[in-house]
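Coordinate inspection notes
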Amino acid sequence: MIFNLIFYFSLSICIVGTCYKAVAWTRKTVGYERGLASSHRFSTLFKGMLLTVFSLKIFSLVPVFFIDVLFQGRILKTSLLRWLMHFLIFVGFLALVFMHALDTVFSENLFSYYYSTMNPFFFLRNLFGLMVLAGVGIAVYRRYILRPARLKNAMADLFAILMLLSIILSGILLEGMKMASVSEFTAMVEAYAGLDYEDTLALEAYWVKEFALVSSRMDSPVEKQMLDLGLELHKTNCMDCHSPNKSAFMGYATARLISPFAIFLDEIQGVRIFYYVHILACFIGLALVPFSKMFHIVATPISLLSNGAQTKDFLEDETCLTKQAMELDACTHCCTCNFNCSAGMIYESIKNDYILPSEKMQALKKAASKDPLNTHEVTSLFQGVYLCTNCDRCTVVCPSGINMKSLWLSVRENFIQQNLDTPVMLSTFSFVRGLNPMNIEEKAYAPPLAEVFAKTVSILDKTPPVTIDTRDGSSFTIDLSLTESFSLCFGCQNCSTICPVVTSFQAPAEDLTLLPHQIMYCLGLGLVDMAEGAAMIWNCLTCYQCQEHCPQNVAVCDILFQLKNNAFLGDKTV
């Protein structure tokens, strides 16, 4: 009775927590806040769901459900090892839930001959448990032994692994202890066979030999006549509802392993203790699903299905906000995006974790939960978003179907609207921003640009010129207010497009080593040596076409001139 109450309590926590999460999706905002009421977002989401269910779009979800959700095809596209890990855990655990944990609801109603100790159920329970253990083993090997580059581990990942292990291992130990326990055997005989003492002893002898039972009443060797009688009694009383324990291979192996301690464990009621441990592990795991990484078993299928129903113009702004909040819970922290990130090599140099997409997701999840980021986290996240190249590869490879590019756009806009004190950083944002003006309110689009322009002009006006001494004793002056302007470059490539030197070469990328816009990239990353090694700076005609056509007023030609002088003088500053 008490366990029924605990079960319903855990189930209630799980359901209430899941509903709370779903409602929170309509209240959370990732990045730029558009000021939409949560009630309006909820109604829009509900309307969108109805339009999907009661329209032809529902048919587009069928292949997504079978290929991406059940078969997990998106994971298979990225990694065979990860697919095997997820598939083993997913299929094994789901089968155990329906066949074993909910056997009174499903197994007993589907199979009239169902007994938990009969094959194929006896064998399958162990097979599915082994599948989960194998999947968890691959996860441990991948995360903590193999540890591919840019794979990050968090406490949430370790908790998920330990929770699965506690449920499966406690179940295996419980089954093995039941097999070895003479108390459990005696209770079973009294309940189902009703044998006298002599027959019970004969059946017990047979079970000691064949079923891994451990009994202090058995002296070895046992007479063949008693074993034959035990076999007959087994066929008459047990065979119809109990398959050989060897069928449950993991439980049987466990019973053999603990046989030296089985009598002691039986005396201290080890079966009851491990029954409590197993049940509590299951109930705790159930209750914590909405509040742990395990919630992705709910959010990820929703993310995949929403992508299947989505068309190019399907999502309204408020629905997009809700989807972004949901995608934070759909993230499994698999780090597939990290392996494919174009900014990954920058991370190898800077070692800012928030350059990597999966780690930015963890920071956004924290911020969206109203858990404020500290100053270091904000600064690191700002740099991580700033260095993103907008290549969209993280979105393409994400097994959970998360539109990360949309998330980064929202976060960038949030930073821009915060009126940061580093206006030069806005330059990279403005390029991406200029490609997506329709996603930003008109009244919010122009003010940050006007403000950063004013700040930039102020900074350049206050930058003094610098005098450089040459080796022969002469000197020349360079206006750093122009040459430091490379930080304003946002990568439009206009300088390279307009350059007559670039257009005169058949293969300019090879012959010039670096094109003008690539030289600006190098300087932005602090790679001055690479910039000075470019053949472009020696081929430059100083025609100022690049500088005149730059929309950010970057002094491209002057910068190339200074790099040429630096290379000649051995100076490494720009």
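That block above? That's the structure.
Treat the numbers as computed from the prediction; the structure is a model and nothing was measured.

It is worth spelling out the overall build of the protein chain at this point. A tally of regular secondary structure across the protein chain gives 33 helices and two strands. Per-residue burial over the protein chain gives 45% buried out of 574 residues. Long-range pairs, those at least 24 residues apart, make up 70% of the contacts in the protein chain between residues at least 6 apart in sequence. Carbon together with sulfur atoms contributes 64% to the accessible area of the protein chain, which is approximately 29500 Å² in total.

Here we take up the nonpolar core. Grouped together as the largest cluster of nonpolar side chains are 30 residues, with contacts concentrated most on M361, L364, L381, I402, M404 and W408. Sorting the residues of this core by element identifies α1 (2-25), α16 (317-330), α19 (357-368), α20 (375-386) and α22 (404-417) as the ones contributing at least two each. Considering every element that reaches this core, the biggest residue donor is α22, with five residues. Setting aside residues up to four positions removed in sequence, L381 forms contacts with Y354, K360, A363, L364, L373 and F415.

Relative orientation of the contacting elements α19 and α20 amounts to 135°, with a least axis distance of 11 Å. The angle between α19 and α20 falls in the class oblique. The crossing of α19 and α20 is left-handed. Contact residues: α19 offers K360, A363, L364 and K366, while α20 offers E377, L381, G384 and V385. When grouped by side-chain class, the residues that make up the contact of α19 with α20 number four nonpolar, one polar and three charged.

Further remarks concern the side chain of R143. Take R143: it is sitting in helix α7 (residues 121-146). Judged by relative accessible area, R143 falls into the buried class, the value being 5%. Setting aside chain neighbours within four positions, we find R143 in contact with L151, K152, N153, D157, K293, T332, H333 and C334.

So, about a nonpolar patch on the surface. Taken together, the side chains of L94, F98, V105, F106, L110, F111 and Y113 define a hydrophobic patch exposed on the protein surface, amounting to about 640 Å² of accessible area. Checked against the element boundaries, L94 lands in helix α5 (residues 80-101).

Now for the packing of aromatic side chains. Throughout the structure, instances matching the rule amount to 17 aromatic pairs. When the centroid spacing of 5.4 Å and the interplanar angle of 85° are considered together, the rings of F65 and F66 count as edge-to-face. We classify F65 as partly exposed; its relative accessible area is 35%. On the basis of relative accessibility, which here comes to 49%, the residue F66 falls in the partly exposed class.

In this structure the tally under the stated criterion is five cavities of 30 Å³ or more. Approximately 90 Å³ is the volume attributed to the largest cavity. Lining the largest cavity we find 14 residues, and of these C489, C492, C495, C550 and P551 sit closest to its centre. Looking at the lining of the largest cavity residue by residue, the classes come out as nine nonpolar, five polar and no charged.

So, about the pattern of salt bridges. Inspection of the entire model under this criterion finds twelve salt bridges. Of the charged contacts in the structure, one is a salt bridge between E348 and R150, with a shortest N-O distance of 3.3 Å. With E348 in helix α18 (residues 344-350) and R150 in the loop between α7 and α8 (155-180), this residue pair connects regions lying 198 residues apart in the sequence. Among the ionic contacts, a cluster of salt bridges with common partners joins R143, D157 and K293.

On to the packing of helix α10 (residues 197-210) against helix α11 (residues 224-237), then. Closest axis-to-axis distance for the α10/α11 pair is 7 Å, and the angle between their directions is 95°. One finds that α10 runs roughly perpendicular with respect to α11. Only M226, L227, L229, G230, L231, L233 and H234 of α11 make contact with α10, whose side of the interface consists of D199, L201, A202, L203, A205, Y206, W207 and K209. Its residues assigned to classes, the contact of α10 with α11 comprises eleven nonpolar, two polar and two charged.

Turning to α7, a few remarks are in order. Given a rise of 1.5 Å per residue, 26 residues ought to cover 38 Å, and the 35 Å separating the end C-alpha atoms of α7 matches this to within 8%. After α7 finishes, the residue R147 shows a positive phi value of roughly 45°.

Relative to the 22 Å expected for 16 residues at 1.5 Å per residue, helix α2 (residues 38-53) spans 22 Å between its end C-alpha atoms, a close match to the ideal helical length. Buried residues of α2: R41, T44, G48 and T52, and no others. One side of α2 holds all its buried residues, which, seen down the axis, span an arc of 70°.

Cis geometry marks the peptide bond from N119 to P120; its omega dihedral reads 10°. Within the element layout of this structure, P120 appears in the loop between α6 (107-110) and α7.

Position of I440 among the secondary structure elements: in the loop between α23 (426-435) and α24 (442-462). Overall, I440 belongs to the buried group, its relative accessible area being 12%. I440 sits 30 residues away from S410 along the chain, and the two C-alpha atoms are 9.2 Å apart.

Positionally, P448 belongs in helix α24. For P448, a relative accessible area of 10% puts it in the buried group. When the C-alpha positions of P448 and E413 are compared, they lie 9.7 Å apart, and in sequence the two are 35 residues distant.

Right, let's get into the environment of A205. Secondary-structure assignment places A205 in helix α10. A relative accessible area of 2% places A205 in the buried class. For A205, the contacting residues outside a window of four places in its chain are M218, V222, M226 and L227.

Attention now goes to the state of the cysteines. Working definition of a disulfide: a covalent bond connecting the sulfur atoms of two cysteines. Tallied over the entire structure, the rule returns zero disulfides. Of the cysteine sulfurs around C238, a residue in no disulfide, the closest is that of C241, at 6.5 Å. With no disulfide of its own, C550 lies 6.0 Å from the sulfur of C492, the closest cysteine sulfur.

Thresholds applied
Residues numbered from 1 in each chain as written. Predicted model: local features only at pLDDT ≥ 70, side-chain atom pairs only at ≥ 80, totals over all residues. Heavy atoms only, no water. Helix = DSSP H or I, 4+ residues; strand = E, 2+ residues; numbered from the N terminus. Buried < 20%, exposed > 50% of the residue type's maximum accessible area, 1.4 Å probe, protein only. Contact = heavy atoms within 4.5 Å. Areas by Shrake-Rupley, 256 points an atom, 1.4 Å probe, with all protein chains shown as cover. Core = buried A, V, L, I, M, F, W, Y, C linked by side-chain atoms within 4.5 Å. Axes fitted to C-alpha atoms, helices over the stretch in contact; angles between N-to-C directions. Parallel < 35°, antiparallel > 145°, perpendicular 65-115°, else oblique. Left-handed = near helix turned anticlockwise from the far one by under 90°. Nonpolar A, V, L, I, M, F, W, Y, C, P; charged D, E, K, R; others polar. Patch = residues over 30% accessible without salt bridge, like charges linked within 9 Å, V, L, I, M, F, W, Y side chains within 5 Å. Salt bridge = Lys/Arg side-chain N within 4 Å of Asp/Glu carboxyl O. Phe/Tyr/Trp six-rings, centres within 6.5 Å; stacked < 30°, edge-to-face > 60°. 1 Å grid on protein atoms, 1.4 Å probe; cavity = no way out; pocket = protein on both sides within 12 Å on 5 of 7 lines; lining within 4 Å. Points joined across faces, edges and corners; volume = space filled by probe spheres on them. Expected span 1.5 Å × (residues − 1). Arc of directions from axis to C-beta. Disulfide = S-S within 2.5 Å.

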